[in-house]
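Here is what each chain is made of, one letter per residue.
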Amino acid sequence: MKAEADLEPVRQRLARDQERIADGTVADPRQLESLIAEVDHLQKRISDLEDSELEIMEKLETATARANELTGKADQSRAEVKRLTGERDAKVTAINSEAAERKTERSTLQPDLPADLITLYERIRGGHGGVGAAELRNRRCTGCQLEINAAELREFAAAPADEVLRCEECSRILVRTEHSGL
Ligand SMILES: [Zn+2]
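Every value quoted in this text rests on a predicted model; they were computed, and no experiment measured them. (Residues numbered from 1 in each chain as written. Predicted model: local features only at pLDDT ≥ 70, side-chain atom pairs only at ≥ 80, totals over all residues.)

A.B. asks: Even after reading the chapter, I still don't get the overall build of the protein chain, so can you show me in this structure?
C.D. replies: When its secondary structure is counted, the protein chain shows 4 helices and 4 strands. For the protein chain, the succession of helices and strands along the chain, N to C, is α-α-α-β-β-α-β-β. For the C-alpha atoms alone, the extent of the protein chain along its principal axes is close to 135 × 35 × 25 Å. With 182 residues in all, the protein chain has 6% of them scored as buried. Sequence separation of 24 or more characterises 58% of the internal contacts of the protein chain that already satisfy a separation of 6 or more. (Helix = DSSP H or I, 4+ residues; strand = E, 2+ residues; numbered from the N terminus. Buried ≥ 20, exposed ≤ 12 C-beta atoms within 10 Å, placed from the backbone. Contact = placed C-beta atoms within 7 Å.)

Laid out in structure tokens, this is it:
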């Protein structure tokens, strides 16, 4: 550490000066006086260096604690990302397998449906975000969410079960159920 390295020669010089004062080899009073003054000065210098060493150690401690805290947070974030990625992957897998199921279901049903109805359905589906048919529920087209007007509802109610009904607003095929409100 810088402060510690600075301290060592100062301490050595202080010890040397104190020794010279103590052993009585300095006979000249003026030289002795200047040595004593130097001892004072060196003691002050050592005290300052020790203070700054202490200050540096405190800063280091604070910085180490902060670094540990940040490392902990980074670990937490990584764990969270891992958890969310796992969840997302599981959802994607579930969606893919459901889509595959629906596709199988669809290809099983397709041969039983009239070809012209499938053609109509595919044509509407292409222009309507992939949804070619919608349930008529509570007198409302669930494709465009608009309510069917009374006159049309009367027509729908009178239409035979195998007639293909269309929404006047979005032109999707309307599927009648017991909840249609007819
Ligand atoms: Zn509609």
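And the narrative resumes.
A.B. asks: Please clarify how the pairing of strand β4 (residues 173–176) should be interpreted in this entry.
C.D. replies: Regular strands show a simple pattern: their side chains alternate between the two faces of the sheet. As paired elements, strand β1 (residues 133–137) and β4 share 4 bridges and run parallel to each other. Looking at β4, one finds that E135 is bridged to V175. In this structure, strand β3 (residues 165–166) lies alongside β4, joined through 2 bridges in antiparallel fashion. Across the sheet, the residue bridging to L165 is L174, located in β4. (Pairing = 2+ DSSP bridges.)

A.B. asks: Got a minute to help me understand unusual backbone geometry in this structure?
C.D. replies: The phi torsion of most residues other than glycine is negative, and most of the peptide bonds are trans. Within the chain, R139 stands out as a residue other than glycine whose phi angle is a positive 65 degrees. In this structure, R139 sits in the loop between β1 and β2 (140–141). The backbone of Q145 sits at a positive phi, close to 70 degrees, despite the residue not being glycine. Of note, Q145 is situated in the loop between β2 and α4 (150–158).

A.B. asks: Before we go on, may I ask you to explain the nonpolar core in this structure?
C.D. replies: Note that soluble globular proteins tend to have their nonpolar side chains buried in a common cluster. Ranked by size, the top nonpolar core spans 8 residues in total: A133, A134, L136, C141, I148, L165, C167 and L174. Tallying contributions element by element places β1 first for this core, with 3 residues. For A134, the contacting residues outside a window of four places in its chain are C141, T142, G143, C167, R172, L174 and V175. (Core = buried A, V, L, I, M, F, W, Y, C linked by C-beta atoms within 7 Å.)

A.B. asks: Help me understand the pairing of β1 in this model?
C.D. replies: As defined by bridge partners, β1 adjoins β2 across 2 bridges and the pair is classed as antiparallel. Looking at the pairing, L136 lines up with C141 of β2. Turn length for the β1-β2 hairpin, with the two strands adjacent in sequence and antiparallel, is 2 residues, and the turn residue N138 shows positive phi of about 50 degrees.

A.B. asks: Help me out: how do you make sense of the sheet that holds β2 in this one?
C.D. replies: The strands that make up a sheet are held in pairs by hydrogen bonds between backbone atoms, and each pair lies either parallel or antiparallel. The strand order across the open sheet built from 4 strands is β2-β1-β4-β3, with neighbouring strands paired in mixed fashion. Looking at strand neighbours, the two that pair on one side only are β2 and β3, the edges of this open sheet.

A.B. asks: In this structure, what is going on with the domain arrangement of the protein chain? I would like to understand it.
C.D. replies: The parts lose accessible area when they come together, and the size of an interface is often stated as this lost area. Domain annotation of the protein chain identifies domain 1 (2–77) and domain 2 (113–176). Each of domain 1 and domain 2 has a C-alpha centre, and these two points are 90 Å apart. (Domains from an automatic or database assignment.)

A.B. asks: Would you mind showing me how to read helix α2 (residues 29–109) here?
C.D. replies: In an α-helix, one turn spans 3.6 residues, which is why side chains three or four residues apart end up on the same side. Here α2 is 81 residues long and its end C-alpha atoms lie 119 Å apart, about the 120 Å a rise of 1.5 Å per residue gives. Counting buried positions along α2 yields 0 of 81 residues, so the element is predominantly exposed. (Expected span 1.5 Å × (residues − 1).)

A.B. asks: What should I look at first to understand the environment of Q43 in this one?
C.D. replies: If you trace the backbone, Q43 turns up in helix α2. Through-space distance from the C-alpha of Q43 to that of V175 is 98 Å; in sequence the pair is 132 residues apart.

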